[in-house]
Structures are given as structure tokens and as C-alpha cells.
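Per-entry structural report
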Amino acid sequence: MAKQIVCIGDSNTWGYDPRGFGGGRYPAAVRWTARLDSQPEWVIHNLGENGREIPHSAFALRLLGQQLEALAPLDGMCLMLGSNDLLCGAAPAAVAARMEDLLDRLGACGAPLLLIAPPPFCPGTWVTEEQLTHSSARLAGLYRTLAQDKAIAFADAGAWDIPLAFDGVHFTEEGHRRFAEQAQAAFAQAFGA
């Protein structure tokens, strides 16, 4: 029986296509979440949102809680967030603290959690400062430690060789394909297939 998995993420989960004027969305056949949803093991609920930071305000947490309640019961939750927090000026340690708080809140739901560290930024039209590239590369180590401390599954998408678009942030079509292939294995390990 297919497992109900929710993917909580930002524009790379939503499927943002940076090539389109005004920012369109890749077709479903391209998006990594839809690729996984096409597999018999999974029913994927895509809660990716453009610009989404790690929910940490009362309003954002309440909204996420309502979204999850509407989808319950779930067999697992995948989180890949933190890039927008960095782009908005948060330090890696502050991003990790926000993620820790969110993991504590989601842990109460009882569904297994998979924390994915987003691929680090590369120089591009959105990433013009070297410090931002370094900050994004630090997230994986911080998230790995969090996952170990919380005894949850972890994957480092920085090790998956994901091609990023000209902006240095968003996945290319090939990036979505590769991400889906690697995420399939991470999901099977975290949630059972």
C-alpha cells in the first residue's frame, strides 16, 4: 500500500522554474515531488511554497499545523528548508535553531521525519556574495547533528550533485531528475517502501 508522505519545502519543492518571466513552475513531469508521486510506493503531498522560510512565527506554525491536520493521517514527513532563511540574512546557527524548534513541534505528530539539507548555493544572479555560498554549505553539518540528536532520518542533498540554474539557487530540470532519484532511496530508508 502506498505511503502518504508530505514534503514541506520552498520553491525547489514547489517546482519553481527560474527561466520563466515572473517565475513559473516546471511541469509536473519535471518536479521531483511529482516524479516520486508517480512511483507506486508513495503518495506525495507537496507543501512547497516559493519564498518559504522555516516556519517560526505563530501564524506560520498555525498555518502549517492546519495544512498537516487536513492531510492526516500521514506515514512520513520530509523537510527541506533553510535556503530562504539564509537568503533573508539569517546566520546558519539561527537557521538550525529554527529547524530544531520545528522538528520538536512536528515530532509530536508521530509520523517519521526525514530532514534533507538543501544543496549549497553556487555563484549566480541570486548568490553574488561568497559568504552566502559558505553559509549554505554549513547547513548540512548542522542539520546532520540535529537529526542525530533527534534520532530522525537525514540526507545531505549537497552530496547528490544537483545542477542549479543560473541564479545559483534553483534546480534545473536535470536537477529535479537527479534529486528524485536520490530522494527515492532516502524515502525508502526513512519511511520504508
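Computed from a prediction, not measured in an experiment: that's the story for all the values here. (Residues numbered from 1 in each chain as written. Predicted model: local features only at pLDDT ≥ 70, side-chain atom pairs only at ≥ 80, totals over all residues. Heavy atoms only, no water.)

What follows covers the pairing of strand 7 (residues 153-156). Pairing between strand 6 (residues 113-117) and strand 7: four bridges, direction parallel. When the sheet's bridge partners are listed, Leu114 is paired in strand 7 with Ala153. As a crossover connection, the stretch from strand 6 through helix 6 (residues 130-150) into strand 7 is right-handed. (Pairing = 2+ DSSP bridges. Helix = DSSP H or I, 4+ residues; strand = E, 2+ residues; numbered from the N terminus. Right-handed = clockwise from strand over helix to strand, strands pointing away.)

Attention shifts here to the nonpolar core. Ile8 and Met99 are the most contacted members of the largest nonpolar core, which has 33 residues in total. Taken together, the elements giving at least two residues each to this core come down to strand 1 (3-9), helix 3 (58-71), strand 5 (76-80), helix 5 (92-107), strand 6 and helix 6. Discounting chain neighbours no more than four positions away, the residues touching Ile8 are Leu47, Arg52, Leu64, Leu68, Met77, Cys78, Leu79, Met80, Leu81 and Leu106. (Core = buried A, V, L, I, M, F, W, Y, C linked by side-chain atoms within 4.5 Å. Buried < 20%, exposed > 50% of the residue type's maximum accessible area, 1.4 Å probe, protein only. Contact = heavy atoms within 4.5 Å.)

The next subject is the environment of Ala28. Examined against the element boundaries, Ala28 turns out to sit in the loop between strand 3 (24-25) and helix 2 (32-37). When the C-alpha atoms of Ala28 and Gly15 are compared, they prove to be 8.2 Å apart, with 13 residues separating the residues in sequence.

Scanning the model with the defined rule gives six aromatic pairs in all. Judged by centre distance (5.2 Å) and plane angle (35°), the ring pair of Phe171 and Phe179 falls under tilted. Here Phe179 falls in the buried class, since its relative accessible area comes to 0%. The rings of Trp32, Trp160, Phe171 and Phe179 are connected pair by pair, giving a single aromatic cluster. (Phe/Tyr/Trp six-rings, centres within 6.5 Å; stacked < 30°, edge-to-face > 60°.)

On to the sheet that holds strand 5, then. One open sheet holds the five strands; their spatial order is 4-1-5-6-7, and the pairing between them is parallel. Pairing within the sheet leaves two strands with one partner each, and these edge strands are strand 4 (42-48) and strand 7. Direction aside, neighbouring strands of the sheet carry axes that sit 20° apart on average. Helix-sheet contacts for helix 6 involve strand 6 and strand 7, and the interaxial angle to strand 7 is about 165°. Sheet strands in contact with helix 7 (residues 173-191) are strand 1, strand 4, strand 5, strand 6 and strand 7, and its direction is about 145° off that of strand 6. (Axes fitted to C-alpha atoms, helices over the stretch in contact; angles between N-to-C directions.)

Attention now goes to the packing of helix 5 against helix 6. At their nearest, the axes of helix 5 and helix 6 sit 9 Å apart, and the two run at 30° to each other. Considering only the axes of helix 5 and helix 6, their crossing is right-handed. Listed contacts from helix 6 to Pro92, Ala93, Val95, Ala96, Met99, Glu100, Leu103 and Asp104 of helix 5 are Ser135, Arg138, Leu139, Leu142, Tyr143, Leu146 and Lys150. Split into classes, the residues belonging to the contact of helix 5 with helix 6 amount to 10 nonpolar, one polar and four charged. (Left-handed = near helix turned anticlockwise from the far one by under 90°. Nonpolar A, V, L, I, M, F, W, Y, C, P; charged D, E, K, R; others polar.)

Further remarks concern helix 5. Its 16 residues give helix 5 an end-to-end C-alpha distance of 22 Å, which sits within 8% of 22 Å, the value for a rise of 1.5 Å per residue. Listed as buried for helix 5 are Pro92, Val95, Ala96, Met99, Leu102, Leu103 and Leu106. The buried side chains of helix 5 occupy one side of the element, clustering within an arc of 125° when seen end-on. In this fold, the buried residues of helix 5 make contact with strand 1, helix 3, strand 5, helix 4 (83-87), strand 6 and helix 6. (Expected span 1.5 Å × (residues − 1). Arc of directions from axis to C-beta.)

Within this structure, the stated rule accounts for 13 salt bridges. The residue Arg98 makes a salt bridge to Asp85 at a minimum N-O spacing of 2.6 Å. You can see Arg98 sitting in helix 5 and its partner Asp85 sitting in helix 4, a full 13 residues away along the chain. Residue classification places Asp85 among the buried positions, given a relative accessible area of 0%. One salt bridge in this structure joins Arg177 and Glu174, with 2.4 Å as the shortest N-O distance. With a gap of three residues between them, Arg177 and Glu174 both fall in helix 7, about one helical turn apart. A residue is classified by how much of its surface remains accessible, and Arg177, at 29% relative accessible area, is partly exposed. Classification of Glu174 by relative accessible area gives partly exposed; the value is 29%. Here the residues in one salt-bridge network are Asp161, Glu174, Arg177, Arg178 and Glu181, joined through shared partners. (Salt bridge = Lys/Arg side-chain N within 4 Å of Asp/Glu carboxyl O.)

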